[in-house]
Each structure stands twice: as structure tokens, then as C-alpha cells.
Amino acid sequence: MPLFSKSEETAVDFDHLPRHIAIIMDGNGRWARSRGLPRTAGHAAGAETFRTIAVYCKEIGIQYLTVYAFSTENWKRPAEEVSAIMDLLRKYLLEAIEKMERDRVKMRFFGDLSPLPDELRDLCLRTEEISTHYEGCQVNICLNYGGRDEILRAAQNFAAQCAAGKRIPQELTEELFSRGLWSAGIPDPDLVIRPGGEERVSNFLLWQSAYAEYYFTKVNWPDFSKEELRKALCAYQSRQRRYGGI
Ligand code: IPE
Ligand code: IPE
Ligand code: MG
């Protein structure tokens, strides 16, 4: 069955897809406001979009999908909004665990989980543990994640190893440093998508995105559909990646 058939749909070359897609899932609040709904309704709708897009990425053969769910800065939001987001994550993981054997998606979490509510943190760890041997598609959820926080932690760890006499500063290479990040062992994102209309990075995958292609769209995350993803993939496929060469 062709993955696209109608002529008005966007023609993606499914044989040359990015290996790793990262998404800043933004615009939930504005989506809700434009409908006269509370912001939390936007987060609930955003969670549905995540389900749809994650399944589609798996179907078309994307190997890694990394999504920004909650940043180290998002704690600044009103307590009720933060707890509504945590509750949605809890619900999502409970459901994901139930369907895990069927979906066989490997799930990982990037970020310090220790400040999360106990139940949510335990669910994250359980999800990682159950799915650890699944192969094919890996979904990384950035939760209490910040690019600067991640880099600082890696630097502190390396410095501590030096202080303990286990390493010397001259040993540090990009490759070794990368191994100290949450994303250790995972290829860098090829394509970073930001819905919601903002054209900024907001502390997402700062180290890993050094040569990523960016795609920005005004569509808010709850309205981001498979067709929107195909548009992003087409844009990606029209780019020429030079990595500093000619
Ligand atoms: C993204 O949507 C979700 C999180 C940051 C948790 P927002 O809540 O930032 O939505 P806008 O940007 O206010 O529309
Ligand atoms: C980035 O969105 C974080 C997530 C999507 C989880 P924000 O809404 O927090 O980013 P800013 O505040 O507009 O930069
Ligand atoms: Mg936002």
C-alpha cells in the first residue's frame, strides 16, 4: 500500500528519510486559546498529536524520534499547568506500557527525572526497562530537559573523573564528550521541527543539533498532522547538507 496516494498530498522520498527527527512540540497553549479552551486542553490535544506522529514515524521507518515534552525552564509556569502536564504524561505512559508488547517502540527519557512526581518517575523508569530490548524505532522523550543543563552535567562528570585521576583533560574529544550526554550512543538529529510559529531553539539539543536542518511552521502542535510531517520531510529532502564543505 502506498504511504501517500492522493495527488494533493506531499511527495516524500520514503527511501531517503532522515534517520533521526527531533520535534519541539510547541503551540499547545495558543491552540487552546484560539478555541476559547483552557491551556491544559491544548496539552491534552498535543498528547494525541504525539501518539499519531510517533506511530507514523514508526510506520515509515524513522529510527529515532526525540520530542521535547518539558524543559528545565517550564517549571516557571503556574503550578496547576505543570501538574496537568505531569498528569498527562503519567496517563500516556500507563497506556504506553499496556500496549508495549504490541508497539515494540523503545522508549528513553532525556533529562533529570529526580524532581518529577514519584509515580511519574517510576513509570518512566519502568517504560525504559520494559522496552530496552525493542529494536526498530526509538522514541526519546525530553522531560525536565535543557541543553545547557545536559552539557554542564557532562562537563561536571568529566571534571570529576579527572579530579579522581581516572582521566586527563587532553583525553576529552567530541566523541567522548557526546558519551556523557543523555543521548549517548544515538546519532545526532538530522531534522529538528518546531511547530507553533516561534523560530528559536529554546535550549533543545544544543550540542546534538550542530548540523541539524531546522524546519519551522506556524501550525500549532495539536494541529500538526501526518501531512505536516510530510511537508517537513519534503523541505528536508530539498536541502543540501554541506557540513562546512562545498
Ligand atoms: C508546548 O506548548 C508544551 C510545553 C512547553 C510543555 P506551550 O504550552 O508552550 O504552548 P504555547 O507556546 O504557550 O502556545
Ligand atoms: C519549548 O517550548 C519547550 C517545549 C516544547 C517542551 P516553550 O514554549 O517552553 O519555549 P519558549 O518559552 O517559547 O521559548
Ligand atoms: Mg510555547
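Scroll up a little and you will see the structure.
Since the structure is predicted, the reported quantities are computational estimates derived from the model, not experimental observations.

Enquirer: Sorry if this is basic, but what is going on with the overall build of the chain here?
Expert: A count of helices and strands for the chain gives eight helices and six strands. The linear arrangement of helices and strands in the chain, starting from the amino end, is β-α-α-β-α-α-β-α-β-α-α-β-β-α. Relative to the globule expectation of 18 Å for 246 residues, the C-alpha radius of gyration of the chain, 19 Å, shows essentially globular dimensions. Dimensions of the chain, computed from the C-alpha atoms along their principal axes, are close to 60 × 50 × 35 Å. Residues counted as buried form 46% of the 246 residues belonging to the chain.

Enquirer: How should helix α2 (residues 39–60) be read in this particular structure?
Expert: For an α-helix, the turn length of 3.6 residues means that residues three or four places apart are oriented alike. An ideal rise of 1.5 Å per residue puts 32 Å on 22 residues; α2 measures up with 32 Å between its terminal C-alpha atoms. The positive-phi residue at the C-terminal boundary of α2 is G61, with phi of around 95°.

Enquirer: Quick question: what am I supposed to make of the site of ligand 1 here?
Expert: Taken together, the neighbourhood of ligand 1 is formed by 13 residues, with D26, G29, R30, R39 and R77 sitting nearest. One of the side-chain N or O atoms of R39 is found 2.8 Å from an oxygen atom in ligand 1. Within the complex, the protein chains bury 86% of what would otherwise be the 380 Å² of accessible surface of ligand 1. Among the secondary structure elements, those contributing two or more residues to the shell around ligand 1 are α1 (28–33), α2 and α3 (79–98). Counting residues per element, the shell around ligand 1 draws most heavily on α1, which supplies three residues. Taken together, the residues of the shell around ligand 1 break down into three nonpolar, five polar and five charged.

Enquirer: Help me understand the nonpolar core, please; the structure alone is not making it clear to me.
Expert: If you look at the biggest cluster of nonpolar residues, it comprises 48 residues, and the most contacted ones within it are I21, I23, F50, L65, M107, I193 and L229. Tallying contributions element by element places α3 first for this core, with eight residues. Leaving out residues up to four positions away in the same chain, I21 has contacts with C57, I62, Y64, L65, T66, L191, I193, L229 and L233. Judged by nonpolar contacts, the second largest core, of 12 residues, contains Y64, Y68, F110 and V192.

Enquirer: Looking at this structure, I do not really get the environment of S71. What am I missing?
Expert: As for its position among the elements, S71 is in strand β2 (residues 64–71). With a relative accessible area of 6%, S71 lands in the buried category. Residues in contact with S71, not counting those within four places in the same chain, are N144 and Y145.

Enquirer: What is the right way to read the packing of α2 against helix α8 (residues 226–237) from this model?
Expert: Any two packed helices are characterised by the angle at which their axes cross and by the distance between the axes. For the pair α2 and α8, the least separation of the axes is 10 Å and the interaxial angle reads 55°. As the angle between them shows, α2 and α8 are arranged oblique. Note on packing geometry: the crossing formed by α2 with α8 is right-handed. Between α2 and α8, the contacting residues are T52, I53, Y56, C57 and I60 on the first element and K226, L229, R230 and L233 on the second.

Enquirer: Would you take a moment to explain the site of ligand 2 for this structure?
Expert: In the neighbourhood of ligand 2, the contacting residues comprise I24, M25, D26, Y68, A69, F70, N74, R77, R194, R200 and S202. S202 is positioned with one of its side-chain polar atoms (N or O) 2.6 Å from an oxygen atom of ligand 2. In isolation ligand 2 exposes 390 Å². Once the protein is present, 78% of that is buried. When residues in the shell around ligand 2 are grouped by element, the largest group, three residues, is from β2.

Enquirer: Just to check I follow, could you spell out the packing of aromatic side chains for this structure?
Expert: Aromatic ring pairs are defined here through the distance separating the ring centres and the angle between the ring planes. A complete count under the given rule lists nine aromatic pairs for this structure. Between F177 and W207, the ring centres sit 4.7 Å apart and the planes meet at 45°, which makes this aromatic pair tilted. Of the two residues, F177 is situated in helix α7 (residues 174–178) and W207 in the loop between β5 (191–194) and β6 (213–216); the sequence distance between them amounts to 30 residues. Note on F177: relative accessible area 10%, which makes it buried. A relative accessible area of 28% places W207 in the partly exposed class. Ring geometry for Y211 versus Y243: centroids 5.4 Å apart, planes at 50°, classification tilted. Taken together, the residues Y211 in the loop between β5 and β6 and Y243 in the segment after α8 connect sequence positions 32 residues apart.

Cut-offs used in this document
Residues numbered from 1 in each chain as written. Chains lettered and ligands numbered in written order. Predicted model: local features only at pLDDT ≥ 70, side-chain atom pairs only at ≥ 80, totals over all residues. Heavy atoms only, no water. Helix = DSSP H or I, 4+ residues; strand = E, 2+ residues; numbered from the N terminus. Rg over C-alpha atoms; globule rule 2.2 N^0.38 Å. Buried < 20%, exposed > 50% of the residue type's maximum accessible area, 1.4 Å probe, protein only. Expected span 1.5 Å × (residues − 1). Near = heavy atom within 4 Å. Polar contact = N/O pair within 3.5 Å; in protein donor to acceptor, adjacent residues only side chain to side chain. Areas by Shrake-Rupley, 256 points an atom, 1.4 Å probe, with all protein chains shown as cover. Nonpolar A, V, L, I, M, F, W, Y, C, P; charged D, E, K, R; others polar. Core = buried A, V, L, I, M, F, W, Y, C linked by side-chain atoms within 4.5 Å. Contact = heavy atoms within 4.5 Å. Axes fitted to C-alpha atoms, helices over the stretch in contact; angles between N-to-C directions. Parallel < 35°, antiparallel > 145°, perpendicular 65-115°, else oblique. Left-handed = near helix turned anticlockwise from the far one by under 90°. Phe/Tyr/Trp six-rings, centres within 6.5 Å; stacked < 30°, edge-to-face > 60°.

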